[in-house]
Amino acid sequence: MVIATTITDSKEELHSTFASRYARTSLPKFVMPEQAISKDAAYQIINDELMLDGNPRLNLASFVTTWMEPECDKLIMASLNKNYVDMDEYPVTTELQNRCVNMIAHLFHAPVQVDETAIGVGTVGSSEAIMLAGLAFKRKWQARRRSEGKPCDKPNIVTGANVQVCWEKFAKYFEVELKEVKLRKDYYIMDPVKAVEMVDENTICVATILGSTLTGEFEDVKLLNELLVKRNKETGWNTPIHVDAASGGFIAPFIYPDLEWDFRLPLVKSINVSGHKYGLVYAGVGWVVWRSQDDLPEDLVFHINYLGSDQPTFTLNFSKGSSQIIAQYYQFIRLGFEGYKNIMETCMSNARVLKEGLEKMGRFEIISKDVGVPLVAFSLKNSSKHTVFEISESLRRYGWIVPAYTMPPDAEEVAVLRAVIREDFSRSLAERLTSDIEKVLKQIEALPPRISTRAAHLISTRDTHLIGSVSDTPVATEELERSVRESQSQVAMECRNAGREKVSGVC
Ligand SMILES: Cc1ncc(COP(=O)(O)O)c(C=O)c1O
């Protein structure tokens, strides 16, 4: 890299605001540069490149917090240099994590007394929390099978096909078969009846979601518990439940306090929640809590003493920052139950504003439900000429990031847009987004028709007899088929770009 700095302009360098004043060649991308550069130059070069990232506040693809109070930002900055794992050196930080675990366990009705310590741990996010919970189930199941003299080499886990990618990771990384209950059109969550039918003697647990990533809908944990209690009685199996409450865990207790989804149900043995979603902390914190000590096998907990006193650890990583844990405790004591309730109600109300605006346009079908996570998932009533992927792409020009994706099996023919409503998404932004969507609709309608993903899908699966039915206006099958072929590669590219896969865009 050639740095455009000479002795004569070194004074100016201190006050420069454009990276172009520093670098005359492309930036190092593969090999570490030989020489150091000034801190001003390094800062400016990176800052200027980062301007091309999207605006996090307008990123409606993500549940993750993008705004916190300046007082909390101060605490975060002050603790950036603390490694959480040094518990002996930073005992107060450890104590704050334990307080957070206790508060979450009580919020989820764990059977612990008011002044009793709950069982749980802070993680980097729900994904790590789920790996730990899954491991605990696997280990408990293996121990039971061994004690019964039965084989324990074919564990499986039952989930809905709508699970977030972290469950697929858990299954692959920890060698557990993932048995997914398929979805169907107009039913986009796990059907508890089908889930219980899939349970067998090798099932380590049924994982159910409070707040499906795709539609925000809550799964019926109470019914699942009832059905599984019955099945366990009939078979003698003892299959437990894990609730993935990544988003819903900080919604349901405040807005639907009577909804029974947590430790009030006897088969629920562990729950994860993302502190960085509706826990209202920046990215990097999640939680897993267990019903009781019995549900966390002791052989998974490591004890180390080389940092000072005996330290129990049950995490995948060793070192990590302390800031997010401190920030979580800040939010708990700053907002209290009342503050969280107020924020969640506002989010729900802004989601309603957006939903009603979309309904008024008459072009969308709302897929998300009124009870659930504050988000609006919606599909085009008629996607024979234009697709949700075009809408998503066009909204980018207004600065909005609203992902479009197809549903998992067996509802792949349904493609939706999803806008997640967070605390920093105000009513006026909801109104603004509504009017921008309306503008985008008008713009794409003025363009030549593009073919629907469903039509493309049908062609690709050679299910051509159905094609005529995807269009509202009768189109000759042959003509439509030709049109499909022409646009298929374009649609495929849009799908890829717009985050069709679970692993991108939707988190
Ligand atoms: C239901 C569900 N589970 C797990 C996750 C993974 O959460 P994290 O990003 O905290 O690892 C997500 C992320 O959106 C989710 O929606």
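Note that the structure is a prediction, hence the values are computed from the model and not measured.

**Let's talk about the sheet that holds strand E7 (residues 286-290)**
Strand-to-strand pairing in sheets goes through backbone hydrogen bonds, with the strands running parallel or antiparallel.
Then comes step 1: Here seven strands make up an open sheet; going across it, the order is E1-E7-E6-E5-E4-E2-E3 and the pairing mixed. If you trace the sheet from one side to the other, it starts and ends with strand E1 (119-123) and strand E3 (177-181), each paired once. If you compare each strand with its neighbour and ignore which way they point, the axes differ by 20° on average.
Then comes step 2: Both E1 and E7 contribute to a ladder of five bridges, which runs antiparallel. Paired with Gly122 across the two strands is Trp287, which belongs to E7.
Then comes step 3: Here helix H8 (residues 221-235) sits on the sheet and contacts strand E4 (203-209), strand E5 (241-244) and strand E6 (268-274); the angle it forms with E5, its principal contact strand, is near 170°.

**Overview of helix H5 (residues 126-147)**
Then comes step 1: Spanning 22 residues, H5 covers 31 Å between terminal C-alpha atoms, matching the ideal 32 Å at 1.5 Å per step.
Then comes step 2: In the stretch just after H5, Gly149 is the one whose phi turns positive, near 70°.

**Some details on the site of the ligand**
Then comes step 1: What surrounds the ligand is a group of 14 residues, the closest being Gly125, Ser126, Ser127, Thr213 and Ala246.
Then comes step 2: Of the residues that constitute the shell around the ligand, the class distribution is five nonpolar, eight polar and one charged.

**Concerning the packing of helix H10 (residues 323-361) against helix H12 (residues 427-445)**
Then comes step 1: Relative orientation of the contacting elements H10 and H12 amounts to 20°, with a least axis distance of 9 Å. When the axis of H10 is compared with that of H12, the two are roughly parallel. As for how H10 packs across H12, the hand of that crossing is right-handed. Seen from H10, the contacting residues are Asn350, Val353, Leu354, Gly357, Leu358 and Met361; seen from H12, they are Arg427, Ala430, Glu431, Leu433, Thr434, Ile437, Glu438 and Leu441.
Then comes step 2: Partitioned by chemical class, the residues of the contact of H10 with H12 number eight nonpolar, three polar and three charged.

**Quick look at unusual backbone geometry**
Then comes step 1: Cis geometry is found at the peptide bond from Pro409 to Asp410, where omega equals -5°.
Then comes step 2: Within the secondary structure, Asp410 is located in the loop between strand E12 (404-406) and strand E13 (415-420).
Then comes step 3: Even without being a glycine, Glu175 presents a positive backbone phi close to 50°.
Then comes step 4: With respect to the element layout, Glu175 can be found in the loop between helix H6 (165-173) and E3.
Then comes step 5: Look at Asn238: it is not a glycine, yet its phi comes out positive at around 75°.
Then comes step 6: Within the element layout of this structure, Asn238 appears in the loop between H8 and E5.
Then comes step 7: Judged by the 12 C-beta atoms lying within 10 Å of it, Asn238 is exposed.

**Observations regarding the UniProt feature "modified residue: N6-(pyridoxal phosphate)lysine" (unreviewed entry) in the chain**
Then comes step 1: Under the UniProt annotation, "modified residue: N6-(pyridoxal phosphate)lysine" (unreviewed entry) lies at Lys277.
Then comes step 2: Structurally, Lys277 can be placed in the loop between E6 and E7.
Then comes step 3: Each residue touching Lys277, except ones within four places of it in the same chain, is listed here: Phe63, Val64, Ala246, Ser247 and Phe250.

**Considering the packing of helix H4 (residues 91-107) against H10**
Then comes step 1: In the contact formed by H4 and H10, the axes pass within 9 Å of each other and the chain directions differ by 50°. Judged by the inter-axis angle, H4 sits oblique to H10. As for how H4 packs across H10, the hand of that crossing is left-handed. Mapping the contact onto sequence places Thr93, Leu96, Gln97, Arg99, Cys100 and Met103 in H4 and Ile325, Ile326, Gln328, Tyr329 and Phe332 in H10.
Then comes step 2: Its residues placed into classes, the contact of H4 with H10 shows seven nonpolar, three polar and one charged.

Conventions and cut-offs
Residues numbered from 1 in each chain as written. Predicted model: local features only at pLDDT ≥ 70, side-chain atom pairs only at ≥ 80, totals over all residues. Pairing = 2+ DSSP bridges. Helix = DSSP H or I, 4+ residues; strand = E, 2+ residues; numbered from the N terminus. Axes fitted to C-alpha atoms, helices over the stretch in contact; angles between N-to-C directions. Contact = placed C-beta atoms within 7 Å. Expected span 1.5 Å × (residues − 1). Near = placed C-beta within 6 Å. Nonpolar A, V, L, I, M, F, W, Y, C, P; charged D, E, K, R; others polar. Parallel < 35°, antiparallel > 145°, perpendicular 65-115°, else oblique. Left-handed = near helix turned anticlockwise from the far one by under 90°. Buried ≥ 20, exposed ≤ 12 C-beta atoms within 10 Å, placed from the backbone. UniProt positions renumbered as here; feature names shortened; annotations may be inferred.

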